[in-house]
Amino acid sequence: MEHTKRKRLAKRRRLAVFSLILFLIFAGGLAAGYLYLSRGPVGSPSPGGGPEAQTEQGSSYLKIYYPVRGYLQMEERLVTPEIQDREEAARDTVTEYLKGPAGMADPAIPPGAKLRGLYFGTNGILYVDLSETFKSNFQGDALTEYLLLRGLYESLLSNVQGITDVMVLIDGRETGSIGGHILADRPLSGLAITNAAGNGKGN
Amino acid sequence: MRHRLWALAFCCAAVLIFQWAGAAQALVAIDPGHGGYDRGIIYDTGGKETSEKRVDLAISKAIAAALRAKGASVFLVRSVDRYLGIAQRARIASARQPAVFLSVHLASANAFQIYASLMPNVQLPPAAPAGGNQAPPAAPAAVNQAPGNLPPAGNQGVQAGPASGGGGQTGPDQQALRQYYLYSMRQRPYLGKSRDLASALEQSLKQAFPGETISYMEIPLPLLDAIAAPAVLVECPAPQYMDYNNPAVVSGMAQAIAGAIISYGTY
Ligand SMILES: [Zn+2]
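Our subject in this report is the structure included herewith.

What counts, and at which threshold
Residues numbered from 1 in each chain as written. Chains lettered and ligands numbered in written order. Predicted model: local features only at pLDDT ≥ 70, side-chain atom pairs only at ≥ 80, totals over all residues. Heavy atoms only, no water. Helix = DSSP H or I, 4+ residues; strand = E, 2+ residues; numbered from the N terminus. Buried < 20%, exposed > 50% of the residue type's maximum accessible area, 1.4 Å probe, protein only. Contact = heavy atoms within 4.5 Å. Areas by Shrake-Rupley, 256 points an atom, 1.4 Å probe, with all protein chains shown as cover. Donors = N, O, S within 2.8 Å, 3.2 Å for Na, K, Ca; no water. Tetrahedral: all angles 85-135°; square planar, octahedral: opposite > 155°, others 65-115°. Axes fitted to C-alpha atoms, helices over the stretch in contact; angles between N-to-C directions. Left-handed = near helix turned anticlockwise from the far one by under 90°. Nonpolar A, V, L, I, M, F, W, Y, C, P; charged D, E, K, R; others polar. Phe/Tyr/Trp six-rings, centres within 6.5 Å; stacked < 30°, edge-to-face > 60°. Lys NZ or Arg CZ within 6 Å of the ring centre and 35° of its normal. Pairing = 2+ DSSP bridges.

**Considerations on the overall build of chain A**
Helix and strand counts for chain A come out as 4 helices and 7 strands. The linear arrangement of helices and strands in chain A, starting from the amino end, is α-β-β-β-α-β-β-α-α-β-β. Burial analysis of chain A (203 residues in total) assigns 44% to the buried set. Long-range contacts, defined here as pairs at least 24 residues apart, represent 59% of the contacts in chain A between residues at least 6 apart. Looking at chain A as shown, the accessible area adds up to about 11,000 Å², and 56% of this sits on carbon and sulfur atoms.

**A look at the environment of Pro 81 of chain A**
Mapped onto the fold, Pro 81 of chain A is located in the loop between strand E3 (71-79) and helix H2 (86-99). In this structure Pro 81 of chain A comes out as exposed when scored by relative accessible area, which is 61%.

**Section: the coordination of the zinc ion**
Summarising the metal site, the zinc ion is bound by the protein donors His 181 of chain A (NE2), His 34 of chain B (NE2), Glu 52 of chain B (OE) and His 105 of chain B (ND1), whose distances to it range over 2.1 to 2.3 Å. One can describe the site at the zinc ion as irregular: its 4 donor atoms subtend angles covering 91 to 165° at the metal. Placement of His 181 of chain A in the segment after strand E7 (173-174) and of Glu 52 of chain B in helix H2 (residues 52-69) is noted, with the two residues assigned to different chains. Using a relative accessible area of 0% as the deciding quantity, one classes Glu 52 of chain B as buried.

**Comments concerning the packing of H2 of chain A against helix H4 (residues 142-159) of chain A**
Residue and element names in this part refer to chain A. The interhelical angle for the contact between H2 and H4, taken along N-to-C directions, is 145°, at an axis separation of 9 Å. Here H2 runs over H4; the crossing is right-handed. Between H2 and H4, the contacting residues are Ala 89, Ala 90, Thr 93, Val 94 and Tyr 97 on the first element and Leu 147, Leu 148, Gly 151, Leu 152, Ser 155, Leu 156 and Asn 159 on the second. The class makeup of the residues in the contact of H2 with H4 is 8 nonpolar, 4 polar and no charged.

**Remarks on the packing of aromatic side chains**
All names here are of chain B. For the structure shown, the criterion picks out 3 aromatic pairs over all chains. With a centroid separation of 5.2 Å and 45° between ring planes, the pair formed by Phe 112 and Phe 209 is classed as tilted. With a gap of 97 residues between them, Phe 112 in strand E6 (residues 111-117) and Phe 209 in the loop between helix H5 (191-208) and strand E7 (213-219) connect regions that are remote in the sequence. Phe 209 carries the same exposure label as Phe 112, and that label is buried. Residue placement shows Arg 96 over the ring face of Phe 75; its charged tip is 4.3 Å from the ring centre.

**What about the sheet that holds E7 of chain B?**
If you walk across this open sheet you meet the 6 strands as E4-E1-E5-E8-E6-E7 (chain B), and the pairing is mixed. Looking along the sheet, the strands with just one partner apiece sit at the ends: strand E4 (73-76) and E7 of chain B. With direction set aside, neighbouring strand axes in the sheet form an average angle of 20°. With 6 bridges connecting them, strand E5 (residues 100-106) of chain B and strand E8 (residues 231-236) of chain B associate as parallel partners. Note that in E8 of chain B the partner of His 105 of chain B across the bridge is Glu 235 of chain B. Here H4 of chain A sits on the sheet and contacts E6, E7 and E8 of chain B; the angle it forms with E7 of chain B, its principal contact strand, is near 40°.

**Quick word on the sheet that holds strand E6 (residues 165-170) of chain A**
Residues and elements named next belong to chain A. If you walk across this open sheet you meet the 4 strands as E4-E5-E6-E7, and the pairing is mixed. Each edge of the open sheet carries a strand with a single partner, namely strand E4 (115-120) and E7. For strand E5 (residues 125-130) and E6, the ladder comprises 6 bridges, and the chain directions are parallel. The residue of E6 that forms the bridge with Leu 126 is Val 166. Relative to E4, H2 is tilted by about 145°, and along the sheet it contacts E4 and E5. The strands touched by H4 within the sheet are E5 and E6, with E6 carrying the most contacts at an inclination of about 130°.

**Describing the environment of Leu 143 of chain A**
Of note, Leu 143 of chain A is situated in helix H4. Between the alpha carbons of Leu 143 of chain A and Pro 67 of chain A there is a distance of 9.3 Å; along the sequence they are 76 residues apart.

None of this, on its own, says anything about what the molecule does.
Structure (structure tokens):
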């Protein structure tokens, strides 16, 4: 009699432990799922307003769109240390953009171009102040110039939270054009249109 | 009966005279790219520098000569080595109300590139009601004014108007914005004709240069946006691949381009 009682008690305890383990697994799964989903994919709008750089254990990944042979080619760049705020995200994005695509002998990015400063303006416009070499060292035709500006715009919008447009300054001032084909005296969102000819973003 | 014949002959003559007069008035604007301190692309041609601006002007002058030889009226937006901004070019060309506009440049590679403008679907601010405020077509404060009196050509994205402007407002700011965008959108009704012109150029260049790569593309080009006429930008192959010091090469290219403009049907 006593033996049966003890046996039943042990059975109940095992069931309770098993249920607890099941519950913990379920709760852990829920929590992990919530964390994963609330973070969202890179490039998609986040609750804070706009995309942001993806961070991972002391480093951040940036999506950079480079003009390569008539298309924009996306490269993921790892930057260390981890990006802390949107100003850092913007600075690192422009710096990586100006380095040009990996392994390209003849990049469309003007050599020697430097970032002078960044200003977050009203209405979500990010002002990117570049050195004069961005203009004077540019060598390219109409398509190259278009992709140069559009690549900068797409890269910044992909990585910097809360901006809606980008305006390029040269040595702190507005410039008419970088290469004589495209006006750069206005925010760059006007270039972000695509047609069936596929002259927008590449892969 | 004789009177009727005379009337018929008079009508035919009148139609012919009107057609001739129309053709005589139809102008072709040729815009040689770059100029002055804007040298365009600097090419290394056998250890020697060749600047795009010089070749653009040489080809443009040859096209103008070929068109004149075919009876067309032509003017060059720049005929000397002088800097002109994009807005200035649009203003100079628009002042003459050309029937066709052609901007001449060089490509980075060994290819002909023909461009028409790619324009966004801009939602214009609503028109002022009759008798309402009519503001001058100056650029709104939120948008940067290009040099000169011409509002800058080009596009500002899909929403032409300040985000805080309010949907139904038609105040002076809204009307200024409307005028401003209308000017930048002058190419819109001509986009189909611009594509036809580009197609005629493509065919003509294919015939004249059968081995060459010839491609057509549409990208946002603010200069073309501001032109109220069929307008294209053509880039000829880089000088490493085409001997522009050879007058026969330049003349052959000019003949092909001029032939396309003539066959396009303006004359
Ligand atoms: Zn050019």
